[in-house]
Amino acid sequence: MSMIMSTLAALAILGLGLTAQKTPPSTPSNEFHVVNYGALCNGSADDTAALQAAANAAELTSGTVVLPPGNCRITDTVTFGNKASGSAGGYSAISIRGQGLYSSKITWGSVDKTKTALMIRHMSAFQWEGFTLQGPSNTPGAATQGSSVGIQADGCLPSCGGGTMNTHQVYERVGISGFYLGMWQGGTNSASEVSCLQCVFNNNYKGFEGSTFNSLNFWFRDLSLGGNDCGITGGDMVHVWGG
């Protein structure tokens, strides 16, 4: 009898272990899935408000905005940094993680070709990875793209005093296509320490530009350029390996 009871107890413990393994892991508190903020990412719905809400929430904990597989369409600028807090002190650090360069997409659906799709304000020590940002055109040339910008890092809002730079930025397996300017580091303020690993710039008028005084230290590894009128321009200390 004791042997039978021992065997049953062992099976019960094993069963509990198997049951525990089937339980899905809890979502980390510093990850903010855009679908939880209403994003459908089906290529037709307007997901602008959902992405902005996720970015605002992530700013408060230096968290990560998570994109699902699919096509998240935005029609207005989504701003990362100094949006939710409006704080005059400290940098924001909002990361983005998609499910892969060809799995997660953000499509710029604005009819206004003078705007920026993703704006970075007063941010440092963050990483964006695993998604493609699609602009208004599939062919290079300013005539079809207006002055649209894919990703712009441009200091901070007036509430943080201005004159600051966005620094220590990492982009890994990020694609930008169909903009007048794919990635613009500078604007009215400077930027530095930007690393792009296995990034893709296709069919932009300019793939990447670093501008303004003290915009420096841009690092590219295994860079892919195709169909841009100009691949990389501006800034000081540009380093390219395997591109």
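Everything quoted here is computed from the prediction, not taken from an experiment.

Now for the environment of Asn204. Within the secondary structure, Asn204 is located in the loop between strand E14 (200-202) and strand E15 (206-210). For the pair Asn204 and Gly135, spaced 69 residues apart in sequence, the C-alpha to C-alpha distance is 8.5 Å. Separated by 3.0 Å, the side chain of Asn204 and the backbone oxygen of Ile176 make a polar contact. In this structure the side chain of Asn204 is engaged in a polar contact, spanning 2.9 Å, whose partner is the backbone nitrogen of Phe179.

Our focus in this paragraph is the packing of aromatic side chains. Tallying each qualifying case throughout the model produces eight aromatic pairs. Residues Trp128 and Phe131 carry aromatic rings whose centres are separated by 6.5 Å and whose planes lie at 55° to one another, so their mutual orientation is tilted. The class of Phe131 is buried, set by a relative accessible area of 0%. Here the aromatic rings of Tyr180 and Tyr205 are separated by 4.9 Å at their centres, their planes lie at 20°, and the arrangement is stacked. Remark: Tyr205 occurs in the loop between E14 and E15 and Tyr180 occurs in the loop between strand E11 (166-177) and strand E12 (181-185); sequence separation between them is 25 residues. With a relative accessible area of 23%, Tyr180 lands in the partly exposed category. These aromatic residues form a ring-pair network of at least three members: Phe80, Phe126, Trp128, Phe131 and Tyr171.

Looking now at the nonpolar core. Core analysis: the biggest nonpolar cluster contains 43 residues, and Phe80, Leu118, Trp128, Phe131, Ile151 and Tyr171 have the highest contact counts within it. Sorting elements by how many residues they give to this core places helix H2 (residues 48-59) first, with six residues. Contacts of Tyr171, omitting those with residues within four sequence positions, involve Ile120, Phe126, Trp128, Ile151, Met183, Gln185, Val194, Ser195, Cys196, Leu197 and Cys199.

This part takes up unusual backbone geometry. The backbone phi angle of Cys41 is positive, close to 50°, even though this residue is not glycine. Mapped onto the elements, Cys41 comes out in the loop between strand E1 (31-33) and strand E2 (42-46). Unusually for a residue other than glycine, Ala125 sits at a positive phi of about 60°. By the element assignment, Ala125 lies in strand E9 (residues 124-134).

Next up on the list: the confidence of the model for the chain. Looking at the chain, the pLDDT average stands at 79 and 70% of residues meet or exceed 70. Element-level mean pLDDT values for the chain span from 44 in helix H1 (residues 2-22) up to 98 in strand E4 (residues 70-74). Here residues 7-25 scores under 50 on pLDDT; set against residues more than four positions off or in separate chains, the count is zero contacts. pLDDT under 50 marks residues 84-88. Its contacts with residues more than four places away, or in other chains, come to nine contacts.

Criteria and cut-off values
- Residues numbered from 1 in each chain as written.
- Predicted model: local features only at pLDDT ≥ 70, side-chain atom pairs only at ≥ 80, totals over all residues.
- Heavy atoms only, no water.
- Helix = DSSP H or I, 4+ residues; strand = E, 2+ residues; numbered from the N terminus.
- Polar contact = N/O pair within 3.5 Å; in protein donor to acceptor, adjacent residues only side chain to side chain.
- Phe/Tyr/Trp six-rings, centres within 6.5 Å; stacked < 30°, edge-to-face > 60°.
- Buried < 20%, exposed > 50% of the residue type's maximum accessible area, 1.4 Å probe, protein only.
- Core = buried A, V, L, I, M, F, W, Y, C linked by side-chain atoms within 4.5 Å.
- Contact = heavy atoms within 4.5 Å.
- pLDDT = per-residue confidence, 0-100.

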